[in-house]
Amino acid sequence: MIGAFVMTVFLLTMLGGCGGGSRPASAGQPAPVPQAKTAATHPEMFAVGNGKIGLFHKNMSVIEAKKLITGTYGGRFEEANEPAGEGTTANVINAYFAGAVDKQPSLKFTLNSKGDIYRIEALSAEFKAAKGLHVGSTWPEIRQVYPQAKVTVEGVVAFFAPENVTCRLKAKTTVDWWKQKGDEANPPDDLTIVSLYTY
């Protein structure tokens, strides 16, 4: 009789029926899906500045970058050969993360002739530079937080020495505005950030 009681307690304990323990997942139930990491839940993974974009930096190997893309970030990547100006091309790795809402890559890694990473660009608004600037931020927003910001040829803003971040800008309505105005000091207000990179 005591043996049957001990066996019953043992079985109930193993099945999680006593003590509020959790029940093991049934073989027929799907495993829980891990939640995507976002800028809200993991801001360090989406910060831009001081030589890094998120957890990536240009001194890491391509293999390390690919592992971070598919592992830590839960994304995917595609390798491509893209125009690099003056009739040349460059090998790139485009990274797509779970939060992407369109076909635009979240990050672009440009490789040098040896196959090493020499530039990383953030192309998604989830990546944020100091003071909250991101893809989609406008020229007035940039000037509000960095009054000393200047636009250089073809709409590249080289900012901000303490953070070592540069952004590429594009005007929505005024194409080649710097040529038309002849005055790079007065860019149009519809100028927006299309990519961030760090050095």
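1. Side note on the sheet that holds strand 1 (residues 48–49)
Phase 1: Pairing in this open sheet of 3 strands is antiparallel, and the strands run 1-2-3 from one edge to the other. Bordering the open sheet on either side are strand 1 and strand 3 (56–57), each of which pairs with just one other strand.
Phase 2: Looking at chain direction, strand 2 (residues 52–53) and strand 3 are connected through 2 bridges and run antiparallel. Across the sheet, Ile53 pairs through a bridge with Phe56, a residue of strand 3.

2. Details of the packing of aromatic side chains
Phase 1: A complete count under the given rule lists 6 aromatic pairs for this structure.
Phase 2: Geometrically, the ring pair formed by Phe56 and Phe109 is edge-to-face, given 5.2 Å between the ring centres and 70° between the ring planes. On the criterion of sequence distance, the pair formed by Phe56 in strand 3 and Phe109 in strand 6 (residues 107–111) is long-range, its members being 53 residues apart.
Phase 3: Classification of Phe109 as buried rests on a relative accessible area of 0%.
Phase 4: Members of the aromatic cluster, each reached through a chain of ring pairs, are Phe46, Phe56, Tyr73, Phe97, Phe109 and Phe127.
Phase 5: Here Arg76 stacks its cationic end above the ring of Tyr96, 4.3 Å away from the centre of that ring.

3. Considerations on the environment of Glu78
Phase 1: Relative to the elements of secondary structure, Glu78 occurs in strand 4 (residues 76–85).
Phase 2: Of the residues examined, Glu78 reaches a relative accessible area of 38% and is grouped as partly exposed.
Phase 3: Taking the C-alpha atoms as reference points, Glu78 and Pro105, separated by 27 residues in sequence, lie 9.4 Å from one another.
Phase 4: Not counting chain neighbours up to four residues away, the residues in contact with Glu78 comprise Val92, Ile93, Asn94 and Tyr96.
Phase 5: Separated by 2.9 Å, the side chains of Glu78 and Arg76 make a polar contact.

4. Details of the pairing of strand 10 (residues 191–198)
Phase 1: The element strand 10 is largely enclosed, with a buried count of 7 among its 8 residues.
Phase 2: Where strand 7 (residues 117–122) and strand 10 come together, 2 bridges link them in antiparallel fashion. Its bridge partner being in strand 10, Glu121 is matched across the sheet by Tyr197.
Phase 3: Pairing of strand 9 (residues 165–171) with strand 10, which is carried by 7 bridges, proceeds in the antiparallel orientation. The residue of strand 10 that forms the bridge with Cys167 is Leu196.

5. A word on the pattern of salt bridges
Phase 1: The tally for this structure, following the rule as stated, stands at 5 salt bridges.
Phase 2: Ionic pairing is found between Arg76 and Glu78, a salt bridge with its closest N-O pair at 2.9 Å.
Phase 3: The closest approach of N and O atoms between Glu121 and Arg168, which form a salt bridge, is 3.6 Å. Here Arg168 lies in strand 9 and Glu121 lies in strand 7, a separation of 47 residues in the sequence.
Phase 4: A residue is classified by how much of its surface remains accessible, and Glu121, at 4% relative accessible area, is buried.

6. Concerning the pairing of strand 7
Sheet faces and side chains relate simply in a regular strand, where the side chains alternate between the two faces.
Phase 1: Sheet analysis places strand 6 next to strand 7, joined by 5 bridges and oriented antiparallel. Residue Lys108 lies in a different strand from strand 7, and its bridge partner there is Glu121.
Phase 2: The hairpin formed by strand 6 and strand 7 contains 5 residues between the paired strands, and Gly115 there has a positive phi angle of roughly 90°.

7. What to know about the layout of surface pockets
Phase 1: There is about 210 Å³ of room inside the second largest pocket.
Phase 2: Lining the second largest pocket are Glu82, Pro83, Ala84, Thr88, Ala90, Val92, Lys108, Thr110, Tyr118, Arg119 and Glu121.
Phase 3: Looking at the lining of the second largest pocket, the elements that each hand over two or more residues are strand 4, strand 5 (88–96), strand 6 and strand 7.

8. Some remarks on the nonpolar core
Phase 1: Counting residues in each nonpolar core, the largest one holds 37 residues, and the members touching the most others are Phe56, Leu107, Phe109, Phe127 and Leu169.
Phase 2: Elements with a minimum of two residues in this core: helix 2 (62–70), strand 5, strand 6, strand 7, helix 3 (139–145), strand 9 and strand 10.

9. Side note on unusual backbone geometry
Glycine aside, the phi torsion of most residues is negative, and most peptide linkages are trans.
Phase 1: Positioned with a positive phi, Asn50 is a non-glycine residue whose angle comes to about 50°.
Phase 2: Looking at the secondary structure, you find Asn50 in the loop between strand 1 and strand 2.
Phase 3: Given the relative accessible area of 52%, Asn50 is considered exposed.

Cut-off values and rules
- Residues numbered from 1 in each chain as written.
- Predicted model: local features only at pLDDT ≥ 70, side-chain atom pairs only at ≥ 80, totals over all residues.
- Heavy atoms only, no water.
- Pairing = 2+ DSSP bridges.
- Helix = DSSP H or I, 4+ residues; strand = E, 2+ residues; numbered from the N terminus.
- Phe/Tyr/Trp six-rings, centres within 6.5 Å; stacked < 30°, edge-to-face > 60°.
- Buried < 20%, exposed > 50% of the residue type's maximum accessible area, 1.4 Å probe, protein only.
- Lys NZ or Arg CZ within 6 Å of the ring centre and 35° of its normal.
- Contact = heavy atoms within 4.5 Å.
- Polar contact = N/O pair within 3.5 Å; in protein donor to acceptor, adjacent residues only side chain to side chain.
- Salt bridge = Lys/Arg side-chain N within 4 Å of Asp/Glu carboxyl O.
- 1 Å grid on protein atoms, 1.4 Å probe; cavity = no way out; pocket = protein on both sides within 12 Å on 5 of 7 lines; lining within 4 Å.
- Points joined across faces, edges and corners; volume = space filled by probe spheres on them.
- Core = buried A, V, L, I, M, F, W, Y, C linked by side-chain atoms within 4.5 Å.

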